[in-house]
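Residues per chain, in single letters:
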Amino acid sequence: MSILDSARGLRIPLPHPPHRGVFISFEGGDGAGKTTQMAMLRNHLVTERSVAEDLILTTREPGGTPLGVSIRRLLLHGEHVDPRAEALLYAADRAHHIATVVRPHLARGGLVLGDRYLDSSIAYQGAGRSLEPEEIGSLSLWAADGLLPHRTILLDVPTETLDERRDTTGQDRLEQAGADFRATVRQEFLDLAAADPERFAVIDGTQPREEVHAQVLAAVAEVLGLFDPTFEPAPPTKHRDEQ
Ligand code: TYD
């Protein structure tokens, strides 16, 4: 009997929010306004709530680490990538980013604002690329050792509106994918949100950005209560805080 006959497969960790710190992810189609809203939230926390700047980590996937920057280049500006290879590369970026950047910051009691997380993989690689969304979700959970955000803000914008907003010069590989792909991705995000209303807040991203910002603030108010802005971060340790 070979090892493959007896292999029971990957053990997928149970999804869980961090034990310390606060993790908020932003999701949505390309051009939905994630970057703008993350910057507005960060600015609000620093100027209105006196949160120390170094307690807020604004990061993104793919590309939140030096390794991730290389993976991002391969994924978005390289040659055609087979869908399974694409899924694994996003998962590799995520595994390294979570282990080396996100978890250490959370372990210090910090706030992480993430521009995309595992829901993007489920929507883009799962639904969009016709792999199984459940498998992609499991792969990402394995990669991230089960880490889920406390809150995920989904900025929902109809595909046609995103198409109007998009600057089509210098588009990356995924931005060049067709309208059907983008519509499928949007629907998968909405389905994910409907299935987990505790984690997700869906915000209409076609509204004026100040209005979207006000709704983002309302959506994160409760989880920010978990965050102690007076907390002084200790120097990072080599050990993870969790498990
Ligand atoms: P993003 O950084 O949001 O794009 P931008 O270039 O506008 O800053 O995301 C890059 C692309 O990667 C985007 O088209 C979505 C895609 N993506 C996936 O397909 N799967 C994933 O897991 C992630 C994180 C992103």
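All values reported here derive from a predicted model rather than from experimental measurement.

How each quantity is defined
- Residues numbered from 1 in each chain as written.
- Predicted model: local features only at pLDDT ≥ 70, side-chain atom pairs only at ≥ 80, totals over all residues.
- Heavy atoms only, no water.
- Phe/Tyr/Trp six-rings, centres within 6.5 Å; stacked < 30°, edge-to-face > 60°.
- Helix = DSSP H or I, 4+ residues; strand = E, 2+ residues; numbered from the N terminus.
- Buried < 20%, exposed > 50% of the residue type's maximum accessible area, 1.4 Å probe, protein only.
- Axes fitted to C-alpha atoms, helices over the stretch in contact; angles between N-to-C directions.
- Parallel < 35°, antiparallel > 145°, perpendicular 65-115°, else oblique.
- Left-handed = near helix turned anticlockwise from the far one by under 90°.
- Contact = heavy atoms within 4.5 Å.
- Nonpolar A, V, L, I, M, F, W, Y, C, P; charged D, E, K, R; others polar.
- Core = buried A, V, L, I, M, F, W, Y, C linked by side-chain atoms within 4.5 Å.

Structural notes on the packing of aromatic side chains
Any aromatic ring pair is given by two values, namely how distant the centres are and how the planes are angled relative to each other.
Part 1: All chains considered together, the criterion is met by three aromatic pairs.
Part 2: Relative to Tyr117, the ring of Phe23 has its centre 5.1 Å away and its plane inclined at 65 degrees; by these criteria the two rings are edge-to-face. Highlighted residues: Phe23 in strand E1 (residues 22-28) and Tyr117 in the loop between strand E3 (111-115) and helix H5 (118-128), separated in sequence by 94 residues.
Part 3: Ring geometry for Tyr124 against Phe189: centres 6.2 Å apart, planes inclined by 75 degrees, an arrangement best described as edge-to-face. Of this pair, Tyr124 sits in helix H5 while Phe189 sits in helix H8 (residues 179-195); the two residues are 65 residues apart in sequence, bridging distant segments of the chain. Of the two residues, Tyr124 and Phe189, both sit in the buried class.
Part 4: Grouping aromatic residues by their ring pairs yields a cluster made of Tyr124, Phe181 and Phe189.

Some remarks on the packing of helix H2 (residues 34-47) against helix H9 (residues 209-224)
Part 1: Viewed as axis vectors pointing N to C, H2 and H9 meet at an angle of 60 degrees, and their least axial separation amounts to 10 Å. In terms of their interaxial angle, H2 and H9 are classed as oblique. Handedness of the crossing formed by H2 with H9: right-handed. Here H2 contributes Thr36, Gln37, Met40, Leu41, His44 and Leu45 to the contact with H9, which in turn contributes Arg209, Glu210, Val212, His213, Val216, Leu217, Val220 and Leu224.
Part 2: Grouping the amino acids of the contact of H2 with H9 by side-chain chemistry returns eight nonpolar, four polar and two charged.

Focus on unusual backbone geometry
Part 1: For the peptide bond that leads from Glu61 to Pro62, omega is -10 degrees, which places it in the cis range.
Part 2: Examined against the element boundaries, Pro62 turns out to sit in the loop between strand E2 (56-60) and helix H3 (66-77).
Part 3: Backbone geometry at Ser50 places phi at a positive 55 degrees, although glycine is not the residue there.
Part 4: Relative to the helices and strands, Ser50 is located in the loop between H2 and E2.
Part 5: In this model, Arg116 sits at a positive phi of 80 degrees, which is unusual for a non-glycine residue.
Part 6: Given the relative accessible area of 12%, Arg116 is considered buried.

Looking at the nonpolar core
Part 1: Core analysis: the largest hydrophobic core is formed by 25 residues, its most contacted members being Ile24, Phe26, Leu111, Leu113, Ile153, Val216 and Val220.
Part 2: Taken together, the elements giving at least two residues each to this core come down to E1, H2, E3, strand E4 (151-156), strand E5 (200-204) and H9.
Part 3: Among the elements that line this core, the one with the most residues is H9, at six residues.

Side note on the packing of helix H4 (residues 83-107) against H5
Part 1: The geometry of H4 relative to H5 is characterised by a closest axis approach of 11 Å and an angle of 175 degrees between their N-to-C directions. By the angle between their directions, the pair H4 and H5 is classed as roughly antiparallel. Residues Glu86, Ala87, Tyr90 and Arg94 of H4 lie in contact with H5, whose contacting residues are Leu118, Ser121 and Gln125.
Part 2: Of the residues that constitute the contact of H4 with H5, the class distribution is three nonpolar, two polar and two charged.

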